[in-house]
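# Architecture and fold: a report
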Amino acid sequence: MTGPLVQARDLYMAYGQTAALAGTSVECAAGETLGIVGASGSGKSSLLLCVAGILKPDQGEVWFNNRRIDQLGERERSRLRLTDLGVVFQFGNLVAELTALENVALPLLLQGFGKRQAEKAAGPWLERLGVAHRAGSAPNQMSGGEAQRVALARAFVTEPKAIFADEPTGALDAQTGARVLDALLGVARENGTAVLMATHDLQLARSADRVVSMSDGALVGSR
Ligand SMILES: Nc1ncnc2c1ncn2[C@@H]1O[C@H](COP(=O)(O)OP(=O)(O)OP(=O)(O)O)[C@@H](O)[C@H]1O
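Let me sum up the structure you'll find in this document. (Residues numbered from 1 in each chain as written. Predicted model: local features only at pLDDT ≥ 70, side-chain atom pairs only at ≥ 80, totals over all residues. Heavy atoms only, no water.)

## What to know about the sheet that holds strand S6 (residues 85-88)
Across the sheet, six strands lie side by side as S6-S7-S8-S3-S9-S10; this open sheet has mixed pairing. Where the open sheet ends on each side, the last strands, each with one partner, are S6 and strand S10 (218-222). Shown here is a sheet whose adjacent strand axes are inclined to one another by a mean of 20°, direction ignored. Where S6 lies against strand S7 (residues 162-166), four bridges are found, and the strand directions are parallel. (Pairing = 2+ DSSP bridges. Helix = DSSP H or I, 4+ residues; strand = E, 2+ residues; numbered from the N terminus. Axes fitted to C-alpha atoms, helices over the stretch in contact; angles between N-to-C directions.)

This is the structure in structure tokens:
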């Protein structure tokens, strides 16, 4: 039987003395969009970092596509992130020295594609996210909303099975944020990409197919 695409089982994690995850379990099906809400410090980022294979939980299991990934070595987890997973953070973390097009092409270069081929594949993603006119701009020449759309294009360019988004609209004003979120969830639904999105904004989270709430490192409810 095929399980959920992403599954966290009873995760525990602490930063020194500070418990960040205290028995968190969550799952997300292929193609599903999941909102993770909770107050600041409730553990949303820590959960995303663990399920995205960026941090290792102290206890518990992380499964992706029927494969246990929390015990994989750094090299294998990096490889998985490059091929099957996409991440988007509050501040797009674009490379300042590269244009929008070059930023979006970067994950494909890392996968071994040539520059021309990578940029050819990157162009249509800028278009789908509504920022094709910014292809030649550097990140500091763009608005926050544009930069975040470029970051989304970069997350989608490898056609990952899942995208992990931590407050993807957190640095934007409400209206721009809502539009960027629509773009994220719209493209994800068209492509069948699962999205796990942390936000403190309940209103934004409601755009997801399902919402779970966190408090003190554990899940306290869902709808
Ligand atoms: N790098 C770190 N070093 C030490 N403690 C940390 C670190 N990152 C997070 N914490 C602590 O771990 C707990 C969970 O934090 P986490 O960032 O996962 O929550 P969050 O819900 O994402 O918060 P926010 O909405 O403010 O980003 C908090 O008590 C936080 O202070």
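## Here we look at the sheet that holds strand S2 (residues 18-28)
Reading across from one edge, S2-S1-S4-S5 is the order of the four strands in this open sheet, with antiparallel pairing throughout. Of all strands in the sheet, those bounded by a partner on one side alone are S2 and strand S5 (67-68). With five bridges connecting them, strand S1 (residues 6-15) and strand S4 (residues 59-64) associate as antiparallel partners. Bridge pairing in S4 places arginine 9 opposite glutamate 61. In this fold helix H1 (residues 44-51) packs onto S1, S2 and S4, with an angle of close to 120° to the strand it touches most, S1. (Contact = heavy atoms within 4.5 Å.)

## A look at the site of the ligand
Neighbouring the ligand are Tyr15, Thr18, Ala20, Ala39, Ser40, Gly41, Ser42, Gly43, Lys44, Ser45 and Ser46. Among the elements of the structure, S2 and H1 are those that each provide at least two residues to the shell around the ligand. For the shell around the ligand, the element with the most residues is H1, which contributes three residues. (Near = heavy atom within 4 Å.)

Function cannot be read off these values alone, since they describe shape.
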